[in-house]
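Here's the letter readout for the chains.
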Amino acid sequence: LKWPCDVAAAPRGPCWVTLNVGGKHFMTTRNTLIGKEPQSMLARMFSEESQMQPSLTDSFGAFVIDRSPTYFEVLLNYLRTGKVILDNNVSPEGVLEEARYFGIENVIPKLEAMMQFQVPSEGMPLT
Amino acid sequence: LKWPCDVAAAPRGPCWVTLNVGGKHFMTTRNTLIGKEPQSMLARMFSEESQMQPSLTDSFGAFVIDRSPTYFEVLLNYLRTGKVILDNNVSPEGVLEEARYFGIENVIPKLEAMMQFQVPSEGMPLT
Amino acid sequence: LKWPCDVAAAPRGPCWVTLNVGGKHFMTTRNTLIGKEPQSMLARMFSEESQMQPSLTDSFGAFVIDRSPTYFEVLLNYLRTGKVILDNNVSPEGVLEEARYFGIENVIPKLEAMMQFQVPSEGMPLT
Amino acid sequence: LKWPCDVAAAPRGPCWVTLNVGGKHFMTTRNTLIGKEPQSMLARMFSEESQMQPSLTDSFGAFVIDRSPTYFEVLLNYLRTGKVILDNNVSPEGVLEEARYFGIENVIPKLEAMMQFQVPSEGMPLT
Amino acid sequence: LKWPCDVAAAPRGPCWVTLNVGGKHFMTTRNTLIGKEPQSMLARMFSEESQMQPSLTDSFGAFVIDRSPTYFEVLLNYLRTGKVILDNNVSPEGVLEEARYFGIENVIPKLEAMMQFQVPSEGMPLT
């Protein structure tokens, strides 16, 4: 099996990758991780010519990443669809932190704008 | 076991299919996937005469699909009931993206109408 | 083990049943499924004198049902407590569809009333 | 292993108990279940001198209880912290039903007060 | 394998730790648990020179902790990012209780401020 694919792929089939983000499993393809933002830290973790040592795998063969699964989900969906879509119960600030960590630069200004226009959340002073 | 069913079925029983959408398992029947929107990409993936190579299966025998489980759930429920039902914490835009990807055409105008009448979500400028 | 119980029961102990509704497991007793609405389709699936072939079981011994787990949960809780209780993020329309499917007749007028008084949800025109 | 503990404990370590409430696993200690409300039905299920036959265990060794996991979670947290804390998407009425079932008497007036002051939920007539 | 790491690490790789908080698994590194608030009870549980007996491990090798997973998730994310981020459906009071339990002192004033400015939650009298 070619690194980092974890399902035996058809000759020209996609390379599937399982991620364990903070304890939750996500399944995606290397193309999704690399295609839209090839300069991001996330893409470089899974690029073939990478010098970065990728993270370890758990007993299911999933790459472990020490970050929040809730907010990662929004970024992964962005990498799939090209859209930043936030459900009502997800904080843009949480996604922004992950975008900075993973170096997914193109979504940062979008998320900053979302925070600015956000209704002040419960308990946050307005200053 | 006849492709793509993953539970030994009674002679005239339903053909059960397990999907792994982005890391989350869904269980449904081939009839649900094909019946209501036979021309959709999702239906064609699981049709008998399909020329499309269906996606691979994970170690549980579930077909892996590199998309968002949150929004897929709404579409799968539509295929079961014929209704597009959105809980408060699910964005219609997210479901719309999946409807376009899977080619489930009949729900697209409904979802577009839902987005138009939607209360501006947190942080989105009104322009 | 007596059908459909899936845990070895004490002589007069309850008969436990595991359901796989759309990919999510629920654990309950046959008494809960049958007691409050014995004429429902759900009750008849698990009655002893049933002519209906019950659905198949997955590899965990759970009966597979091709419906939405989110809305089924509300109905199952109704069968346990006698109350229809909706959290803010659960659509009454979604529960209503399941109540009709499973033939749980007594909750249908309650859910229809809930829909009528419901604040128009995001994106739904008022007509 | 001493009943009902399911992890080999250090001599004076806590006695861990796993519960399967309606299909969802919770892990806690016997002290939590018994300490704050020793007269509750839940405490008596797990007391040493109990005459009540405790519920059966599933294949993971978890005690099966035929109730709603969503609302049980709030009660278990109360037993841990002494506080009744409701997130926005959890109905006080749902928790109240479970408090009555499990006989956790001290939270009942608090939950009744929460229901009285509650903003009328969607679809509920005001009468 | 060096205590408490549960994945064979590369020579200078991180030490991964799995926690079972109230029945839910979280995966993180010892650096995250210890780095930002080394004086907290949580950090001391996993420090090398600790006199505290760490909690037991479940059958997956995860350290069991008898607390709420919902609110712990916010604290763990704080330890990763340095920010206290609350989604709409998470009560600041719930996180505050956990911060006090785990001795994560720096977030306590932030959470107290969030509670003070919070919109009165459903059913809570204003007194």
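The coordinates are above.
Notes on the structure in this doc start here.

Helix and strand counts for chain A come out as five helices and three strands. Ordering the α and β elements of chain A from the N terminus gives β-β-α-α-β-α-α-α. Looking at the 127 residues of chain A, the share that counts as buried comes to 55%. The contacts in chain A between residues at least 6 apart in sequence include a share of 51% that link residues at least 24 apart. Total accessible area computed for chain A in this model is approximately 5900 Å², and 53% of it derives from carbon and sulfur atoms.

Bringing helix α3 (residues 69–81) of chain B into the picture now. Residue and element names in this part refer to chain B. End to end, α3 covers 18 Å across 13 residues, agreeing with the expected 18 Å (1.5 Å per residue, within 8%). With eleven of its 13 residues buried, α3 lies for the most part within the structure. All buried positions along α3 are accounted for by Pro69, Tyr71, Phe72, Val74, Leu75, Leu76, Asn77, Tyr78, Leu79, Arg80 and Thr81. Backbone nitrogen of Thr70 and a side-chain oxygen of the N-cap are separated by 3.4 Å at the start of α3; the cap is Ser68. After α3 finishes, the residue Gly82 shows a positive phi value of roughly 80°.

Here the focus is the interface of chain C and chain B. Taken residue by residue, the interface counts 26 residues in chain C and 25 residues in chain B. Roughly 2200 Å² of surface becomes buried between chain C and chain B when both sides are summed, with 52% attributable to carbon and sulfur atoms. The interface formed by chain C and chain B includes two salt bridges. A salt bridge links Glu97(C) to Lys83(B); its shortest N-O distance comes to 2.6 Å. The interface formed by chain C and chain B includes eleven residue pairs in polar contact (both at pLDDT 80 or more). Taken together, the elements giving at least two residues each to the side of chain C that touches chain B come down to β3 (63–65), α3 (69–81) and α4 (92–102) of chain C. The element best represented in the side of chain C that touches chain B is α4(C), accounting for five residues. Of the residues contributing to the side of chain C that touches chain B, the split by class is eight nonpolar, eleven polar and seven charged.

What follows is about the packing of aromatic side chains. All names here are of chain E. Tallied over the entire structure, the rule returns 30 aromatic pairs over all chains. Residues Phe46 and Phe63 carry aromatic rings whose centres are separated by 5.1 Å and whose planes lie at 80° to one another, so their mutual orientation is edge-to-face. Highlighted residues: Phe46 in the loop between α2 (41–45) and β3 (63–65) and Phe63 in strand β3, separated in sequence by 17 residues. The pair Phe46 / Phe63 is uniform in exposure class, with both members buried.

After a rotation of 72° and a shift along the axis of 0.0 Å, chain C superposes on chain D with an RMSD of 0.0 Å. Both copies are brought into coincidence by an operation consistent with a five-fold rotation axis. Residues of chain C ranked by C-alpha distance from the rotation axis are headed by Asn89(C), positioned 5.1 Å from it. Each copy contacts the other with its own distinct surface, as only 8% of the interface residues of chain C are interface residues in chain D too.

Facing the 26 residues of chain C at the interface are 26 residues of chain D. Roughly 2200 Å² is buried in total at the junction of chain C and chain D, and carbon and sulfur atoms are behind 52% of that figure. Here chain C and chain D share two salt bridges between them. At the level of secondary structure, the elements contributing two or more residues to the side of chain C that touches chain D comprise β2 (24–29), α3 and α5 (108–117) of chain C. No other element matches the five residues that β2(C) contributes to the side of chain C that touches chain D. Its residues placed into classes, the side of chain C that touches chain D shows 13 nonpolar, nine polar and four charged.

Every regular strand shows the same layout, with side chains that alternate between the two sheet faces. When strand β1 (residues 16–21) of chain E meets strand β2 (residues 24–29) of chain E, the two strands line up antiparallel, connected through six bridges. Paired with Asn20(E) across the bridge in β2(E) is His25(E).

Reading guide: rules and limits
- Residues numbered from 1 in each chain as written.
- Chains lettered and ligands numbered in written order.
- Predicted model: local features only at pLDDT ≥ 70, side-chain atom pairs only at ≥ 80, totals over all residues.
- Heavy atoms only, no water.
- Helix = DSSP H or I, 4+ residues; strand = E, 2+ residues; numbered from the N terminus.
- Buried < 20%, exposed > 50% of the residue type's maximum accessible area, 1.4 Å probe, protein only.
- Contact = heavy atoms within 4.5 Å.
- Areas by Shrake-Rupley, 256 points an atom, 1.4 Å probe, with all protein chains shown as cover.
- Expected span 1.5 Å × (residues − 1).
- Polar contact = N/O pair within 3.5 Å; in protein donor to acceptor, adjacent residues only side chain to side chain.
- Buried area = accessible area lost by both parts, 1.4 Å probe.
- Salt bridge = Lys/Arg side-chain N within 4 Å of Asp/Glu carboxyl O.
- Nonpolar A, V, L, I, M, F, W, Y, C, P; charged D, E, K, R; others polar.
- Phe/Tyr/Trp six-rings, centres within 6.5 Å; stacked < 30°, edge-to-face > 60°.
- Least-squares fit on C-alpha atoms with pLDDT ≥ 70 in both.
- Pairing = 2+ DSSP bridges.

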